[in-house]
Amino acid sequence: MGQHETYDVTIVGGGVIGCAIARELTRYDLKTALIEKQCEVGFGTSKSNSGIIHAGHHSSSDTLKGPLEWAGNQLWTQLHQELDFGFERVGELMVAWHPEQLETLKHYKEQGEARGVSGLEIWERDRLFKEEPNLNPDIFAALFAPTAGVVNPYEVCFSLIDSARQNGLDLYVSSQVENLSQIDNSWLIKTANKELKTRYVINAAGLHADTIAEMAGLKTYAIKPRKGEEYMLDGRLKGIVKRIIFPCPSGVSKGVLVIPTFNGTIMVGPTAQNIEDKEDLSTSMEGSSTIFSQVKQVVPGINERDCIAEFAGLRAVADGEDFIIGPSAKKGFINVAGIQSPGLTAAPAIAIKVTNILSDEGLLLNPNENFEPTVPKRVIFANLKTEEQIELAAKDPRYSHICCRCEEITEGEVVEAIHMGAETLDGIKFRTRAGMGRCQGGFCTWRCMELISRELDIPITEVTKRGGNSWIICEHDLEPKSGDKP
Amino acid sequence: MITNRPVHLRKNYDVVISGGGPAGMAAALGAKEAGAEKILMVDREKEAGGILWQCIHNGFGLHHFKEELTGPEYAQRYLEQVIEHEIDILTDTYLYDIDREKNIKLMSGEHGINLIDSKSVILAMGARERTRGAVRIPGSRPAGVLTAGLAQKFVNMKGYLPGRKVVILGSGDIGLIMARRLVLEGVDVVGVFEIMPHVNGLSRNVVQCLHDFDIPLHLSTTVARIHGNERVERITVAPVDETMQPILSKSWDIECDTLLLSIGLIPENELSRRINLRFDPVTTGPIVNSSMETSIDGVFACGNVVHIHDLVDFVSQESLLAGRGAGEFITDSRNPADNIRLIPGDNVAYCLPHTISTDREHTIYMRVRKPMEKCTIQFGDVYGRKLAYVYPAEMVTIKMRPKLLQDFHGDFLRVNVVPR
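Residues numbered from 1 in each chain as written. Chains lettered and ligands numbered in written order. Predicted model: local features only at pLDDT ≥ 70, side-chain atom pairs only at ≥ 80, totals over all residues. Heavy atoms only, no water.

1. A short note on the nonpolar core
This is how the line gets drawn: Joining through side-chain atoms within 4.5 Å is the link that ties buried Ala, Val, Leu, Ile, Met, Phe, Trp, Tyr and Cys residues into a set, and such a set is a nonpolar core. When a residue's accessible area, from a 1.4 Å probe over protein chains only, is under 20% of the maximum for its type it is buried; when over 50% it is exposed; and in between it is partly exposed. A run of H or I in DSSP counts as a helix once it spans at least four residues, and a run of E counts as a strand once it spans at least two, with each numbered from the N terminus. The domain boundaries here were taken from an automatic or database domain assignment. Contact criterion: two residues are considered in contact whenever any of their non-hydrogen atoms come within 4.5 Å of each other.
One finds Leu40(B) and Leu106(B) to be the most contacted residues of the largest nonpolar core, which totals 66 residues. Looking at this core element by element, the count peaks at seven residues for helix α1 (residues 22-33) of chain B. Each of domain 1 (12-128 + 266-330) and domain 3 (340-419) of chain B contributes no fewer than three residues to this core. Leaving out residues up to four positions away in the same chain, Leu40(B) has contacts with Pro6(B), Leu9(B), Tyr13(B), Val15(B), Val16(B), Ile17(B), Asp88(B), Leu90(B), Leu106(B) and Ile116(B). Among the nonpolar cores identified, the runner-up in size contains 51 residues, and Ala20(A), Leu79(A), Tyr200(A) and Val336(A) belong to it.

Here it is in structure tokens:
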């Protein structure tokens, strides 16, 4: 033996939390790896996240969530400057329907201010409707929080992992952990086709963090899935609201939101439904009608007829609803579990917290002298000025071929995404937006399949939607199968 | 491959046509006929002809050519005429942007990005298919849920199958055609499911594509759930009640690997929205006059951009008018302005064009909201026409002769379809 790779730290799980930790650790002179069971990072819970960077005033101060939400919020500006993902502090409005709910708005304002959240203002009707004329005129007042922002969560995962890899991280995708064992002062991690030896294991396995913990011999918590359905609306509703609209909170979730995503498309959702099956990503009629009936109340101009796509994600909920972050009874095994909302917001702060925990647990953190904080800028053709487009297309004709007409993505961008690791239609979709628009891939599916086949040199029938058995096309069975031959 | 590529792109054109499908080709011929000289037809595919290339079944051209052609044959006949008339065709090119002054940005595989302008523009981008999101089918999101048109492209253009056991949701024409096509390719087509109590495609397609091939048709039934995490494994279908909600107690499951959607077409009007045309909320296409001119002078629209047609022959007919309109706009020989608005009344979803004139003959295209037997179409009280039956899937065309309107002095006509 002794053939396996040896690491200082191995992260299990390539969601936004695992990716953020991975990237943070590459600031130090360490040998690090990340293991992800899906074919790309961010393909689990993270890709279905609402994409909101919460303002910092939502979570209560007596939880882990509270301080990490605000600390995380503040880190996004720098993260955005260093890494190439879309981020904008569009602000949020928590809307109240009755004078009685004014007390709730005040409570959140005070909670935020006590923590240092800046710019919180209660807007009365005049100001509110001047800024957001499409809200229901019956709304009474709103709490404005300018620090809230929107990102594309999958883009964040890709940027973080691209940066981490550039700084030395080893990434293993399509690798599900099958076994964990402690040998001497190390852990042995087994996947179907690999064995890694590592001093520290970071359990960032999201919905399956309890399973991974159990493999390590820890039966201390359970993770339950809580489903959230989201509905994406046609691009022509762009601008119907400029800020994220929250209802005045009540109960377990933050309620149904109207979200102007980073690209301007309006998304509505999520629902909050406790379920048992950790693979159940189905949407439902009840979900759709709950969301649209609530959203139509808040923004009457929105209609289910404008829906172009729907999806569901599963929040990883731990007992007691709070984050579980810290060392465990097993030396070198660190849990980062139960990361539900505001997990995305808190991710950069969680990454720093985990680094400090590793240090406390005896890991020596020497700076990585070669750490490069920025990643190369991706071309987003549609955002370029005409002169820049002309110049780029003249230099590289792949930028004069439109691949996805709804989102105006060129062949150049798709090829670039493939070179960065996208091997599936979903991989291309989440890296470039090709296939995400109103025709939902009707036009670009074949073009993207051809490009994957060409660039990766695989038969076109082997191109999948997102790995595994998600094939797109098949051949005719003209020949009898070999087993049928006499 | 037939192309007529310009050796070099001009900076200025008389007429630029966005889209080289049946609408664009007929419009090009119309513009030429009416005297326009510098005409450019732009198409994003490698060859002009549009969706006709993948429609390899027959049934095209019965009205226009008085014979039954396949889609590619119909395309070929038009394309040959376009080339004969020395109209420039620029394929592999995407009309990326346009403004109200008719400045145009083109992205061309061969020519890179070019800024040109045109005196007149014809919008002929066709339509796109409605997708799963539009009807919000509950369930998981595996591979194997696709539109019938995309499946048609896989089978007819690329030589691959979309799956081996297929359920079709929606009885639009493309779905019916694909049901037969897939059976011919050896695919197991379990059935066609339609939420409405009536079929959404042409009757001849129901007979020739479903009945002749023993493919079951389930009316007032819909897909209530999709199952399978990676690829479709199973779907749940259920009859619907009067409010179109599935009755889950009567549902049943079908094992299959593919769900094809034939749930309607949407006029492709992204470019039209950039220049803020006025739209008809029912068709979702631009409002047009009897020359197919939109609310902006010199901007014309035709084909499925304006409303969804069931026969390509009518697309050609209507697009010829748009082309002539553009040509007349260039040569300053336009018809007098329209003086009568058509207003959809009882059991009329829409009628086109939105305005007509009393000085010449017009063809009026309309769709009803619900099926009706033994009825009369009334144009105000000036003209009535008896019909044996009408139903939403079949467009009604009526010729309006000028002499019918010679004594009419109002400025609008309400169109009603009423029982006799």
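2. As for the packing of helix α5 (residues 173-184) of chain B against helix α6 (residues 203-210) of chain B
All names here are of chain B. Counted only if it meets this: To obtain each axis, a line is fitted to C-alpha atoms, and for helices this fit is confined to the stretch in contact; angles are then taken between N-to-C directions over 0 to 180 degrees. The cut-offs work like this: below 35 degrees is roughly parallel, past 145 is roughly antiparallel, 65 to 115 is roughly perpendicular, and the gaps in between are oblique. Throughout, a crossing is termed right-handed when the near helix is turned clockwise from the far one, and left-handed when it is turned anticlockwise from it by less than a right angle. Gly is put with the polar residues, along with every residue not named as nonpolar or charged; the nonpolar set is Ala, Val, Leu, Ile, Met, Phe, Trp, Tyr, Cys and Pro, and the charged set is Asp, Glu, Lys and Arg.
Where α5 meets α6, the axes come as close as 8 Å, and the angle between the chain directions of the two elements is 15°. When the interaxial angle is binned, α5 and α6 end up roughly parallel. Of the two possible hands of crossing, α5 and α6 adopt the one that is left-handed. Only Asn205, Val206, Gln208, Cys209 and Leu210 of α6 make contact with α5, whose side of the interface consists of Asp173, Leu176, Ile177, Ala179 and Arg180. Here the residues of the contact of α5 with α6 sort into six nonpolar, two polar and two charged.

3. Considerations on the environment of Asn205(B)
Residues and elements named next belong to chain B. Selection rule: Whenever a nitrogen or oxygen atom comes within 3.5 Å of another N or O atom, the pair is scored as a polar contact, on the condition that within protein one atom can donate a hydrogen and the other can accept it, and that pairs from neighbouring residues in sequence are kept only if both atoms are in side chains.
Of note, Asn205 is situated in helix α6. For Asn205, a relative accessible area of 7% puts it in the buried group. Taking the C-alpha atoms as reference, Asn205 lies 9.5 Å from Arg180; in sequence the two are 25 residues apart. Beyond its immediate chain neighbours, meaning those up to four positions away, Asn205 contacts Asp173, Leu176, Ile177 and Leu210. A polar atom in the side chain of Asn205 sits 2.8 Å from the side chain of Asp173.

4. Here's the deal with the domain arrangement of chain A
Residues and elements named next belong to chain A. Here is the rule we go by: A carboxyl oxygen of Asp or Glu within 4 Å of a side-chain nitrogen of Lys or Arg is what we treat as a salt bridge.
Partitioning chain A into structural domains gives domain 1 (5-46 + 154-222 + 320-360), domain 2 (87-150 + 224-317) and domain 3 (381-462). The C-alpha-based centres of domain 2 and domain 3 are spaced at 32 Å. On the side of domain 3, five residues touch domain 2, which itself brings seven residues to the contact. Taken together, domain 2 and domain 3 are joined by one salt bridge. Measuring nitrogen to oxygen at the nearest pair gives 2.9 Å for the salt bridge that ties Asp234 to Arg438. Where domain 2 touches domain 3, the interface holds two residue pairs in polar contact (both at pLDDT 80 or more). A per-class count over the side of domain 2 that touches domain 3 returns two nonpolar, three polar and two charged.

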